[in-house]
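Read off the chains here:
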Amino acid sequence: MNISQEEIQAYIDTPLFRLISRAADEMQLECYLIGGFVRDFFLCRPSKDVDVVAIGKGIELAESVARKLGRHTRLTLFKNFGTAQIKHKDVEIEFVGARKESYRSDSRKPIVEDGTLEDDQRRRDFTINAMAFCLNRDRFGQLLDPFNGLQDLEDLIIRTPLDPDITFSDDPLRMMRAVRFAAQLGFDIYPDTFDAIVRNRERIGIVSMERVTDELNKIILSPKPSIGFILLEKTGLLEIIFPELIALKGAETKEGVGHKDNFYHTLSVLDNIARQTDHLWLRWAALLHDIAKPVTKRWDPKQGWTFHNHDFIGEKMIPAIFRRMKLPQNEKMKYVQKLVSLHMRPMQLVEDEVTDSAIRRLLFDAGDDIEELMTLCEADITSKNPEKVRRFLGNFRIVRRKLQEIEEKDRVRNFQPPVDGNEIMELFALPQGRVIGLLKAAIKEAILDGEIPNEHDAAYRFMLEKAEEMGLTPVKER
Ligand code: CTP
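These numbers were taken from a predicted model, which means no experiment stands behind them.

## Quick look at the packing of aromatic side chains
So, point 1. Overall, the coordinates contain 13 aromatic pairs when judged by the stated rule.
So, point 2. Look at F41 and F42: their rings are 5.0 Å apart centre to centre, the planes differ by 70°, and that puts the pair in the edge-to-face class.
So, point 3. The class of F42 is buried, set by a relative accessible area of 7%.
So, point 4. Aromatic side chains W281 and F322 sit 5.9 Å apart centroid to centroid with 45° between the ring planes, which places their arrangement in the tilted category. Of this pair, W281 sits in helix α15 (residues 280-288) while F322 sits in helix α17 (residues 310-324); the two residues are 41 residues apart in sequence, bridging distant segments of the chain.

## Details of the pairing of strand β5 (residues 91-97)
So, point 1. Pairing between strand β2 (residues 49-54) and β5: 6 bridges, direction parallel. Note that in β5 the partner of D49 across the bridge is E92.
So, point 2. Two elements, strand β4 (residues 83-88) and β5, share 6 bridges in a ladder whose sense is antiparallel. Bridge pairing in β5 places I86 opposite I93.
So, point 3. Hairpin remark: β4 followed by β5, antiparallel, with 2 residues in the connecting loop; positive phi at K89, about 50°.

## Overview of the site of the ligand
So, point 1. Taken together, 13 residues are adjacent to the ligand, and R39, D125, N129, R174 and R180 come closest.
So, point 2. G36 has a polar backbone atom sitting 3.2 Å from an oxygen atom of the ligand.
So, point 3. In the model, an oxygen atom of the ligand is placed 2.8 Å from a nitrogen or oxygen of the R39 side chain.
So, point 4. For the ligand, whose free accessible area comes to 560 Å², the fraction covered by protein is 79%.
So, point 5. Of all the elements in the fold, those that place two or more residues in the shell around the ligand are α3 (36-42) and α8 (173-185).
So, point 6. Considering every element that reaches the shell around the ligand, the biggest residue donor is α8, with 4 residues.
So, point 7. The residue inventory of the shell around the ligand, partitioned by class, reads 1 nonpolar, 3 polar and 9 charged.

## Here we look at the packing of helix α10 (residues 209-220) against α15
So, point 1. Look at α10 against α15: their axes get within 10 Å of each other, and the N-to-C directions meet at 90°. In terms of their interaxial angle, α10 and α15 are classed as roughly perpendicular. When α10 is examined against α15, the residues L216, N217 and I220 are found in contact with a partner set consisting of L280, R283, W284 and L287.
So, point 2. Grouping the amino acids of the contact of α10 with α15 by side-chain chemistry returns 5 nonpolar, 1 polar and 1 charged.

## A look at the pattern of salt bridges
So, point 1. If you walk through the whole model with that rule in mind, you get 30 salt bridges.
So, point 2. For K338, the salt bridge identified is with D369, shortest N-O distance 2.9 Å. One end of the pair, K338, is in helix α18 (residues 331-342); the other, D369, is in the loop between α20 (356-366) and α21 (370-379), and 31 residues separate them in sequence.
So, point 3. Taking relative accessible area as the criterion, K338 reaches 25% and is therefore assigned partly exposed.
So, point 4. The class for D369 is buried, based on a relative accessible area of 17%.
So, point 5. For D356, the salt bridge goes to K402, with nearest N and O atoms at 2.9 Å. With a gap of 46 residues between them, D356 in helix α20 and K402 in helix α22 (residues 386-410) connect regions that are remote in the sequence.
So, point 6. When salt bridges that share partners are traced, they join R39, D40 and R45 into one network.

## Examining the environment of F95
So, point 1. Of note, F95 is situated in strand β5.
So, point 2. Once residues lying within four places of it in the same chain are set aside, the contact partners of F95 are I20, V52, G58, L61, A62, V65, G82, T83, A84 and I86.

## What to know about the packing of helix α23 (residues 421-428) against helix α24 (residues 434-449)
So, point 1. Remark: α23 packs on α24, axes separated minimally by 10 Å, with the N-to-C direction vectors making an angle of 130°. One element, α23, and the other, α24, form an angle in the oblique class. Relative to α24, the crossing made by α23 is right-handed. Where α23 abuts α24, its residues G421, I424, M425 and F428 lie against I436, L439, K440 and I443.
So, point 2. Of the residues that constitute the contact of α23 with α24, the class distribution is 6 nonpolar, 1 polar and 1 charged.

Parameters at a glance
Residues numbered from 1 in each chain as written. Predicted model: local features only at pLDDT ≥ 70, side-chain atom pairs only at ≥ 80, totals over all residues. Heavy atoms only, no water. Phe/Tyr/Trp six-rings, centres within 6.5 Å; stacked < 30°, edge-to-face > 60°. Buried < 20%, exposed > 50% of the residue type's maximum accessible area, 1.4 Å probe, protein only. Helix = DSSP H or I, 4+ residues; strand = E, 2+ residues; numbered from the N terminus. Pairing = 2+ DSSP bridges. Near = heavy atom within 4 Å. Polar contact = N/O pair within 3.5 Å; in protein donor to acceptor, adjacent residues only side chain to side chain. Areas by Shrake-Rupley, 256 points an atom, 1.4 Å probe, with all protein chains shown as cover. Nonpolar A, V, L, I, M, F, W, Y, C, P; charged D, E, K, R; others polar. Axes fitted to C-alpha atoms, helices over the stretch in contact; angles between N-to-C directions. Parallel < 35°, antiparallel > 145°, perpendicular 65-115°, else oblique. Contact = heavy atoms within 4.5 Å. Salt bridge = Lys/Arg side-chain N within 4 Å of Asp/Glu carboxyl O. Left-handed = near helix turned anticlockwise from the far one by under 90°.

Written out as structure tokens, the structure is:
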């Protein structure tokens, strides 16, 4: 890559960086932009956060910069870590003093020990993250790249500056980060670095689940998540952090009948979804849609391999997985559960006859998530047989058309009972309870089955008949 100092200067010639430069010169401190910001400049990616390293007093530099910035500035000091953060408008700047040793080998707690710029760069995770731009006025925009990060960027390589065993024992999360950068950027992990991940994989266990999950989410959100998952599998990390996915691996054959390898199938579905949407939880639904196939797998001499109820069992497996992974236990998880439990429905619809009532029930169960469910089902078609793919996609088009027709006609997507509970309670002078519940359920079923339209008067008449069958008499005439 041929980039001149002038180009770098032009890029970083902003009032903010000039101000940091002045503050550092006044304190006679060497000062550099480092890490993701520098990497993203060469990748032509926008970078939100800025890391600044000072040779010596990082915190004092931050204090001086904050004073100079004045209003709209928040300074936070992390004295134990020897770092400081400035939030100015929507930019976050992290200040740190250069370190000789960034982490103690027995824990993740950093020790603060003054070092040179190169000491600091050596202790960073990857060569592509260890490049620095000088901010001091006399060398403004000079690139310092002692570990050839720029060359690795060009060669699309993730590699540690130091012996990778040392880099990874400094912070084992970096093993996940290596995979995450490979997935985000489409890079390869350098063989030495890769082998060290395999050797050190068990050390991921000392990292907090939140940090691991953060990286996993970034892998899931990358353009082609399968790259990350295949690397996680090959390094042995996946077995430790997500054994349920490893259980999907393999294709057994019996009496000449095989089934597909559900691990690679799941990854294709995830890649397909990733082409359609950046929605994290829809991507999670793709990752988990067949999660219960291993536990439900049976061999039936007549039917061959079956995975009965893997949709419902999968739905039930999700809370434990989310809890362990420190993922939210709220409506986001419920959304993933819902899509997993419904993912077979559109296909079953096609296999039977596409009746109006089956469509109504699907609309009722999926509600506003129907579009995303259909996207998931389409992504689930991973057959290599173009004829089959064409047939399935054609069938889903029919289902989509029917869904639209029925929704326009019956509006069951956000079903609200056309006769409400209070009206029934008043009519029969009954308190809220089982009888009211039964009547309401009967109305809903009749509408979904298409016996009556989704309207008040029809539902009211129907409810009176039902009540009479149950031996109820109204106490007031309407
Ligand atoms: N870093 C490191 N080891 C870590 C985390 C971070 O050496 N475990 C260093 C790297 O030099 C990195 C910099 O700290 O570039 C900033 O880290 P962070 O903000 O987490 O990542 P970025 O590289 O900026 O990338 P992204 O914003 O995509 O997370």
